[in-house]
Number of protein chains: 2
Amino acid sequence: MSQHRHPGAPGSAGAVPALPDLPEATVARLPEYLRALHNLADTGHETVSSEGLATAAGVNSAKLRKDLSHLGSYGTRGVGYDVALLIEQIESVLGLTQRRAVALVGVGNLGHALAGYDGFASRGFRIAALFDADPGRVGEEINGLVVRHVDELPRVAAEESIAIGVIATPASAAQRVADQLVEVGVTSILNFAPCVLSVPEGVDVRKVDLAIELQILSFHEHRKASLTALPATGGSALTALPGGLAATDSQEAIGT
Amino acid sequence: MSQHRHPGAPGSAGAVPALPDLPEATVARLPEYLRALHNLADTGHETVSSEGLATAAGVNSAKLRKDLSHLGSYGTRGVGYDVALLIEQIESVLGLTQRRAVALVGVGNLGHALAGYDGFASRGFRIAALFDADPGRVGEEINGLVVRHVDELPRVAAEESIAIGVIATPASAAQRVADQLVEVGVTSILNFAPCVLSVPEGVDVRKVDLAIELQILSFHEHRKASLTALPATGGSALTALPGGLAATDSQEAIGT
DNA sequence: AGGCGCTTGTGAAGACGTGCACAAATCGCG
DNA sequence: CGCGATTTGTGCACGTCTTCACAAGCGCCT
Ligand SMILES: NC(=O)c1ccc[n+]([C@@H]2O[C@H](COP(=O)([O-])OP(=O)(O)OC[C@H]3O[C@@H](n4cnc5c(N)ncnc54)[C@H](O)[C@@H]3O)[C@@H](O)[C@H]2O)c1
Ligand SMILES: NC(=O)c1ccc[n+]([C@@H]2O[C@H](COP(=O)([O-])OP(=O)(O)OC[C@H]3O[C@@H](n4cnc5c(N)ncnc54)[C@H](O)[C@@H]3O)[C@@H](O)[C@H]2O)c1
């Protein structure tokens, strides 16, 4: 976690973009806004209201406005937001003006799918290199890229100026791979292996774990089943009627 | 969300689970604790302290204790938690005592990888059916399962009592597939397509979007680069030491 | 039995995130 | 030129989550 908040320079008369220092929750939503905006642009929309964009992104419109207000005032009251301008601004804030090079380590079952995914390219990234430790896989060509041995990582990382590393190896190898990535200067890692990675301060790790997602769904499934099964709670008072239609739970949005 | 648990009956002679109604943030972490606990059990540990488990799960120990306290008091002061007992409790709360059936729709690039993934089975789930709309793929056998046409979903869903649907189709087809899943009674969906799904109240959707993860990393990468470029802010400090060996295990955990 | 060290469980405080509600700003039109 | 319709940007209150700090409980050793 980044904790050191520089207290000084509040007004900050800086003329430059000035690093807005966005709330983390906002950062996590910006990509979704960006995707929705691209959809709108592709369908010919020139402007969009906060209400419209919020619906397209699946969030509350007040939240969307507050999020965007952190980037500056790029909307026009009474009109809405200019789609092209907003795309530009969000991409700028997310650092997508340069196409970042991604290295994928572990070209197995999952790695193959990722290597062949074109959603990377269309959203600001370039798979620059594939690595594996299995000699049987080295040399294989996927989508125009040759799989290299992981020992070549230092050389290739320098050549391609890798910005982000993706780990798709078994969990047992993930920490070692992470160490190797850090060693060659990678400071952002996306980890698909089901394990906790230990990295130096300053290195960011995000984790995607499919089984965890399913287990969270399982919890809610379990809870829903229990609720309809035995609606009587405690011993007295509040006799939540089992009608089944009186579901008070509002929007079902779970987690982030 | 309601939080008031029954005020009386502290000893709680109740033998039944009793629906703890956990905070969502806690639910999202329980699977990680569970995974860490299984690792501990496999390496012969019988008990573990909150500190130890917290480290293994990559969280703060106070947070872990508070999370576990929501399930009840399953620890022993001065000793720690019984690993086997805690596994049992967490699995019970998450509804993993029954092996839930999962249907995977869209057996393309990504779908193939998911269908062949054994991490499902070992963590409480069973891939019960594969579906695709492409006649060319229907009939193909993957990992012992035959790909069926998506039109067979109603029949198969009933036969296998599908609990969770996984969508791995292109975004353009995702909403239609979601509708079909809801239609046959599925109330939990894991969506890999980069789009917002609209579902009725009572249906839970979780989304995994690889490009979003990368873009969030990109933001932090961008910010880190800007900071080192112009460190004039405040007193600066933090001169990222290149040594590389001073790995403080302070995880950089971003977002959730 | 009693004391000591260790660990849990939790109250309290603060940080963070959310959503309402409304003033301010802008456009279009008569 | 002014007015009403529309939509942004934000102050404020509320709820959720995190973290600290410590009393209470437990086992072990003397
Ligand atoms: N397949 C899926 O759908 C899926 C889903 C979620 C998570 N995961 C996780 O993703 C990871 C990969 O899964 P998979 O199914 O592709 O496994 P896999 O065994 O098919 O592929 C792993 C690949 O990593 C390579 N590898 C092993 N050690 C390495 C090292 N030190 N350096 C470089 N490469 C190395 C192996 O040679 C292999 O090619 C696993 O941790 C798995 O738990 C997979
Ligand atoms: N491949 C990846 O690594 C990756 C990563 C992240 C996200 N995604 C997303 O996952 C989804 C699938 O990606 P992919 O690379 O596997 O695509 P793909 O084109 O290889 O596979 C899509 C499959 O869905 C099937 N399909 C299409 N319409 C259908 C329908 N109505 N019902 C049932 N099946 C249908 C197609 O026949 C095809 O087999 C896409 O939305 C993609 O954006 C993929």
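Residues numbered from 1 in each chain as written. Chains lettered and ligands numbered in written order. Predicted model: local features only at pLDDT ≥ 70, side-chain atom pairs only at ≥ 80, totals over all residues. Heavy atoms only, no water.

Enquirer: Honestly, the interface of chain A and chain B in this entry has me stumped. Any pointers?
Expert: How big an interface is tends to be reported as the loss of accessible area on association of its parts. Taken together, the contact between chain A and chain B spans 82 residues of the former and 79 residues of the latter. For the pairing of chain A and chain B, the buried interface totals around 7400 Å² over both sides, and the portion due to carbon and sulfur atoms is 59%. In this structure, the connection of chain A to chain B is made through 8 salt bridges. Linking chain A to chain B there are 34 residue pairs in polar contact (both at pLDDT 80 or more). For the side of chain A that touches chain B, the elements supplying multiple residues, two or more each, are α1 (24-42), α2 (50-57), α4 (83-94), α5 (109-115), β8 (164-167), β9 (188-191), β10 (204-207) and α8 (210-229) of chain A. The greatest single-element share of the side of chain A that touches chain B, amounting to 16 residues, is contributed by α8 of chain A. (Contact = heavy atoms within 4.5 Å. Buried area = accessible area lost by both parts, 1.4 Å probe. Salt bridge = Lys/Arg side-chain N within 4 Å of Asp/Glu carboxyl O. Polar contact = N/O pair within 3.5 Å; in protein donor to acceptor, adjacent residues only side chain to side chain. Helix = DSSP H or I, 4+ residues; strand = E, 2+ residues; numbered from the N terminus.)

Enquirer: Just to check I follow, could you spell out the domain arrangement of chain A for this structure?
Expert: Split into domains, chain A comes out as domain 1 (18-94) and domain 2 (100-210). Just the C-alpha atoms count here: the centres of domain 1 of chain A and domain 2 of chain A sit 30 Å apart. (Domains from an automatic or database assignment.)

Enquirer: Just checking my understanding: could you explain the pattern of salt bridges for this structure?
Expert: For side chains of opposite charge, pairing can occur when their charged atoms come near one another. Counted by the stated rule, this structure contains 22 salt bridges over all chains. Between Lys-224 of chain A and Asp-204 of chain B there is a salt bridge, with its nearest N and O atoms 3.1 Å apart. One end of the pair, Lys-224 of chain A, is in helix α8; the other, Asp-204 of chain B, is in strand β10 (residues 204-207), on a second chain. With relative accessibility at 0%, the residue Asp-204 of chain B sits in the buried group. Note that Arg-29 of chain B is salt-bridged to Asp-67 of chain B, the shortest N-O span being 2.7 Å. In this pair, Arg-29 of chain B is assigned in helix α1 (residues 24-42) and Asp-67 of chain B in helix α3 (residues 61-69), connecting sequence segments 38 residues apart. Of the two residues, Arg-29 of chain B and Asp-67 of chain B, neither departs from the other in class, the shared state being buried. Three or more residues are tied together by salt bridges with common partners; here these are Glu-32, Arg-35 and Arg-123 of chain A together with Lys-207 and Asp-209 of chain B. (Buried < 20%, exposed > 50% of the residue type's maximum accessible area, 1.4 Å probe, protein only.)

Enquirer: Where do I start with the site of ligand 2 in this structure?
Expert: Close to ligand 2 lie 23 residues, the nearest being Tyr-117 of chain A together with Asn-109, Leu-110, Asp-132 and Thr-169 of chain B. Those chains with residues close to ligand 2 are chains A and B. Ala-113 of chain A places a polar main-chain atom, nitrogen or oxygen, 3.1 Å from an oxygen atom of ligand 2. Taken together, the elements giving at least two residues each to the shell around ligand 2 come down to α5 of chain A together with α5 (109-115) and α7 (171-183) of chain B. With 3 residues, α7 of chain B is the single largest residue contributor to the shell around ligand 2. Of the residues that constitute the shell around ligand 2, the class distribution is 16 nonpolar, 4 polar and 3 charged. (Near = heavy atom within 4 Å. Nonpolar A, V, L, I, M, F, W, Y, C, P; charged D, E, K, R; others polar.)

Enquirer: I keep staring at the protein's contact with DNA strand D and nothing clicks. Help me out?
Expert: Taken together, 29 residues form the shell around DNA strand D, and within it Ser-50, Arg-65 and Tyr-81 of chain A together with Arg-29 and Arg-77 of chain B come nearest. Each atom of DNA strand D within 4 Å of the protein was assigned to sugar, phosphate or base; sugar and phosphate come to 64%. In the environment of DNA strand D, a base nitrogen lies 2.9 Å from a nitrogen or oxygen atom belonging to the side chain of Arg-65 of chain A. Taken together, the elements giving at least two residues each to the surface near DNA strand D come down to α3 (61-69), β2 (75-76) and β3 (80-82) of chain A together with α1 and α3 of chain B.

Enquirer: What am I meant to see in the sheet that holds strand β8 (residues 164-167) of chain B here?
Expert: Sheet strands pair by backbone hydrogen bonding; their relative direction is either parallel or antiparallel. All names here are of chain B. In spatial order, the strands read β6-β7-β5-β4-β8-β9-β10; together these 7 strands make up an open sheet with mixed pairing. One side of each edge strand has no neighbouring strand; the edge strands of this open sheet are β6 (141-142) and β10. Strands β4 (100-105), β5 (125-132) and β7 (145-149) of the sheet are contacted by helix α6 (residues 153-160), whose axis makes an angle of about 170° with β5. (Pairing = 2+ DSSP bridges. Axes fitted to C-alpha atoms, helices over the stretch in contact; angles between N-to-C directions.)

Enquirer: Honestly, the pairing of β4 of chain B in this entry has me stumped. Any pointers?
Expert: In summary, the side chains of a regular strand alternate between the two faces of the sheet. Residues and elements named next belong to chain B. Along β4, 6 of the 6 residues are buried, which leaves the element largely enclosed by surrounding structure. A two-sided burial pattern is seen for β4, the buried positions comprising Arg-100, Val-102 and Leu-104 on one face and Ala-101, Ala-103 and Val-105 on the other. With 6 bridges connecting them, β4 and β5 associate as parallel partners. Each residue of the ladder has a partner; that of Ala-101, found in β5, is Arg-126. Between β4 and its parallel partner β5, the chain crosses via α5, and the hand of that crossover is right-handed. Sheet topology places β4 next to β8; 4 bridges connect them, and they run parallel. Residue Ala-103 lies in a different strand from β8, and its bridge partner there is Gly-165. (Right-handed = clockwise from strand over helix to strand, strands pointing away.)

Enquirer: Sorry, what's going on with the UniProt feature "DNA-binding region" (unreviewed entry) in chain A here?
Expert: Within the UniProt annotation, "DNA-binding region" (unreviewed entry) is assigned to residues 32-71 of chain A. Along residues 32-71 of chain A, the helical share is 70% and the strand share 5%, with 15 Å between the first and last C-alpha atoms. (UniProt positions renumbered as here; feature names shortened; annotations may be inferred.)

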